[in-house]
Amino acid sequence: MSTAPEPEPRAPKPALVFDDPLDQQSSDDTDRGWGDRTDGDSAADLKRFLDEKPPHHL
């Protein structure tokens, strides 16, 4: 008669967290989260705007 090996012990499941997720700042709440640069160079901003302008906005 074959005996089945005992299953290996598993790591405990993480505890459920019931904190309000809106109390924490997400990366989308910051300029960097949206990909904005923080250097503030207006000439570079204009160049980037003109470079990334869609063709139908000529």
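Below is a summary of the structure that appears in this document.

Cut-off values and rules
Residues numbered from 1 in each chain as written. Predicted model: local features only at pLDDT ≥ 70, side-chain atom pairs only at ≥ 80, totals over all residues. Heavy atoms only, no water. Helix = DSSP H or I, 4+ residues; strand = E, 2+ residues; numbered from the N terminus. Buried < 20%, exposed > 50% of the residue type's maximum accessible area, 1.4 Å probe, protein only. Areas by Shrake-Rupley, 256 points an atom, 1.4 Å probe, with all protein chains shown as cover. Salt bridge = Lys/Arg side-chain N within 4 Å of Asp/Glu carboxyl O. Patch = residues over 30% accessible without salt bridge, like charges linked within 9 Å, V, L, I, M, F, W, Y side chains within 5 Å.

**Some thoughts on the overall build of the protein chain**
At step 1: Secondary structure assignment for the protein chain yields 1 helix and 0 strands.
At step 2: Here the protein chain, with 58 residues, has 0% of them falling under the buried criterion.
At step 3: Carbon and sulfur atoms make up 56% of the accessible area of the protein chain, which totals about 6,300 Å².

**Some points on the pattern of salt bridges**
At step 1: Using the criterion set out here, one finds 2 salt bridges in the structure.
At step 2: As a salt-bridge pair, Asp51 and Lys47 come within 2.8 Å of each other at their nearest N and O atoms. With a gap of 4 residues between them, Asp51 and Lys47 both fall in helix 1 (residues 42–52), about one helical turn apart. The residues Asp51 and Lys47 share a single accessibility class, namely exposed.

**Side note on a nonpolar patch on the surface**
At step 1: A surface patch of nonpolar side chains, about 310 Å² in accessible area, is lined by Leu46, Phe49 and Leu50.
At step 2: Mapped onto the secondary structure, Leu46 falls in helix 1.

So yeah, pure geometry; function would need other evidence.
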